[in-house]
Amino acid sequence: MKKRLFTGLQPSGALHIGNYFGALKPFKDIAGDYDSFLMIADYHSLTTMRDATTLRSNIIDVVKDYIAIGVEPDEVTIFKQSDVPEHTELAWIFECLVTVPFLSQAHAYKDKVAKGLEANAGLFNYPMLMAADILLYDADVVPVGEDQRQHVEYAREAATKFNNAYGETFVPPQEMVLKGVGIVAGTDGQKMSKSYKNTIPLFGTKDEISRAVMSVVTDSSGDRPENVYSIHRLFRTESELEGLYAEHAGKYKDLKEALIEDIETLVAPMREKRSEITDDDVRTILKNGSEKAQAQAQKKITEIRDRIGVSI
Ligand code: ADP
Ligand code: TRP
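This one's a predicted model, so the numbers in the text were calculated from it and none came from an experiment.

## Some remarks on the pattern of salt bridges
Here is step 1: This structure, assessed with the given rule, holds 23 salt bridges.
Here is step 2: Of the charged contacts in the structure, one is a salt bridge between R4 and D35, with a shortest N-O distance of 3.1 Å. In this pair, R4 sits in strand β1 (residues 4–9) while D35 sits in strand β2 (residues 35–40), placing the two residues 31 residues apart along the sequence.
Here is step 3: Judged by its relative accessible area of 18%, R4 is buried.
Here is step 4: D35 sits in the partly exposed class, given a relative accessible area of 29%.
Here is step 5: Put simply, D65 and R274 hold a salt bridge, and the shortest N to O gap is 2.6 Å. With a gap of 209 residues between them, D65 in helix α3 (residues 52–68) and R274 in helix α12 (residues 252–275) connect regions that are remote in the sequence. Each member of the pair, D65 as well as R274, carries the same accessibility label: buried.
Here is step 6: One salt-bridge network, in which partners are shared between bridges, spans D138, K300, E303 and R307.

Shown next, in the form of structure tokens:
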């Protein structure tokens, strides 16, 4: 029996190569070792997003992205949170078990409010919806980025609170902080992030990728343009790069062109595969996934309703 893996991601727009090396690839590399569930957290994204057209297309896009990088829908259960209403139901039950001061300590909530996001009640309760996501599936491991580690701790706390109140029902889950490649730098040398507008798009056209690479800041003093090199090392070994960078010492344009070709070699087959996936393919994948997910979620919620006394 394989252990169960559960992870989620918000459908928040076009991916960049930092997302690929930091999250998508490490997920793809381990997904087959587990009974894996990949959930599109569309209800989580309502905490910060109010444009229906954008949300709809982001959901479709993110499923295409994952399939294009090689995640197999036959192996990984890919589904949408809103298709399995047991998630919001269990979130409510957990909300009645934890306190306002406890939720107020969540770093992600405090950071978002400090950045000026509206402190809506959904944003505040966010960790309990995430706890419900994880605990409905009796997940053994939960791959997340470093920024989500505390939310898995919150899920453990929700599990413990429930178990103490109603008897052993949940196994406290464990986070698995994926060892990707560390932080991928963007075109300006800062962390690559869509909020900083310094990204190299993963599924951009060759032109878009070239433009982004050509804009990499190269004001380093030596022969080696560090910002180009730090991205290039994701695609080639250090010994390969040593030869290349020695041969083209000081010729930043040549080195950027070499990087563009290396990105293209990785991305072109994925871009091709992505272009063949239709919106209807995505709908079918999500429908099949949500049936599998809901079968598990219904079994668990039946036990939960029984424990709390609403089944009579
Ligand atoms: P962004 O910073 O562009 O908004 P997200 O916060 O949506 O990216 O990140 C989605 C996933 O990609 C997370 O798991 C995050 O850890 C990973 N990720 C994002 N940017 C980078 C980066 N520059 N280097 C490595 N991983 C990253
Ligand atoms: N909150 C996570 C993020 O923004 C996404 C998420 C929702 C998640 N539910 C989850 C991750 C359950 C892991 C497990 O990245």
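## Brief notes about empty space enclosed by the protein
Here is step 1: One pass over the structure, following the stated rule, counts one cavity of 30 Å³ or more.
Here is step 2: Counted as a void, the largest cavity has a volume near 30 Å³.
Here is step 3: As for the largest cavity, its lining consists of A108, Y109, K112, L123, Y126 and H151.
Here is step 4: Counting only elements with at least two residues in the lining of the largest cavity, the list comes to α6 (107–114) and α7 (121–135).
Here is step 5: The dominant element in the lining of the largest cavity, judged by the number of residues it contributes, is α6, at three residues.
Here is step 6: Tallied by class, residues from the lining of the largest cavity come to four nonpolar, one polar and one charged.

## Focus on the site of ligand 1
Here is step 1: Taken together, H16, G18, N19, G22, A23, G182, I183, V184, K191, M192, S193 and K194 make up the full set of residues adjacent to ligand 1.
Here is step 2: M192 has a polar backbone atom sitting 2.9 Å from a nitrogen atom of ligand 1.
Here is step 3: A total of 540 Å² of accessible area belongs to ligand 1 in isolation, and the protein chains cover 73% of it.
Here is step 4: Residues belonging to the shell around ligand 1 are distributed by class as follows: four nonpolar, six polar and two charged.

## Focus on the layout of surface pockets
Here is step 1: Taken as a whole, the second largest pocket encloses approximately 190 Å³ of empty space.
Here is step 2: In terms of lining, the second largest pocket is formed by Y43, H44, L46, T47, T88, A91, W92, E95, G122, N125, Y126 and L129.
Here is step 3: Of all elements in the fold, only α2 (42–45), α4 (86–95) and α7 reach the threshold of two or more residues within the lining of the second largest pocket.
Here is step 4: Of the residues belonging to the lining of the second largest pocket, the class tally is six nonpolar, five polar and one charged.

## Side note on the nonpolar core
Here is step 1: Residues I200 and L202 are the most contacted members of the largest nonpolar core, which totals 55 residues.
Here is step 2: Looking at which element gives the most residues to this core, the answer is α3, with eight residues.
Here is step 3: Taken domain by domain, the makeup of this core includes at least three residues from each of domain 1 (4–182 + 279–308) and domain 2 (194–273).
Here is step 4: Those residues in contact with L202 that lie beyond four places of it in its chain are L15, H16, I17, Y20, I69, I209, V267 and M270.
Here is step 5: Counting residues in each nonpolar core, the second largest holds 42 residues, with Y109, L123, A132 and F170 among its members.

## Some words on the packing of α4 against helix α13 (residues 279–308)
Packed helix pairs are characterised by how far apart their axes lie and by the angle those axes make with each other.
Here is step 1: The interhelical angle for the contact between α4 and α13, taken along N-to-C directions, is 30 degrees, at an axis separation of 10 Å. Looking at the two axes, α4 sits roughly parallel to α13. For the pair α4 and α13, the sense of crossing is left-handed. Judged by residue contacts, E86, E89, L90 and I93 of α4 engage Q294, A297, Q298, I301, I304, R305 and I308 from α13.
Here is step 2: Taken together, the residues that form the contact of α4 with α13 break down as six nonpolar, two polar and three charged.

## Some thoughts on the environment of T187
Here is step 1: Here T187 lies in the loop between β5 (174–177) and α9 (206–214).
Here is step 2: Sequence separation of T187 and T199 is 12 residues, and the distance between their C-alpha atoms is 6.4 Å.
Here is step 3: Beyond its immediate sequence surroundings of up to four residues, T187 is in contact with N198, T199, I200, A212, S215, V216, V217 and N227.

Conventions and cut-offs
- Residues numbered from 1 in each chain as written.
- Chains lettered and ligands numbered in written order.
- Predicted model: local features only at pLDDT ≥ 70, side-chain atom pairs only at ≥ 80, totals over all residues.
- Heavy atoms only, no water.
- Salt bridge = Lys/Arg side-chain N within 4 Å of Asp/Glu carboxyl O.
- Helix = DSSP H or I, 4+ residues; strand = E, 2+ residues; numbered from the N terminus.
- Buried < 20%, exposed > 50% of the residue type's maximum accessible area, 1.4 Å probe, protein only.
- 1 Å grid on protein atoms, 1.4 Å probe; cavity = no way out; pocket = protein on both sides within 12 Å on 5 of 7 lines; lining within 4 Å.
- Points joined across faces, edges and corners; volume = space filled by probe spheres on them.
- Nonpolar A, V, L, I, M, F, W, Y, C, P; charged D, E, K, R; others polar.
- Near = heavy atom within 4 Å.
- Polar contact = N/O pair within 3.5 Å; in protein donor to acceptor, adjacent residues only side chain to side chain.
- Areas by Shrake-Rupley, 256 points an atom, 1.4 Å probe, with all protein chains shown as cover.
- Core = buried A, V, L, I, M, F, W, Y, C linked by side-chain atoms within 4.5 Å.
- Domains from an automatic or database assignment.
- Contact = heavy atoms within 4.5 Å.
- Axes fitted to C-alpha atoms, helices over the stretch in contact; angles between N-to-C directions.
- Parallel < 35°, antiparallel > 145°, perpendicular 65-115°, else oblique.
- Left-handed = near helix turned anticlockwise from the far one by under 90°.

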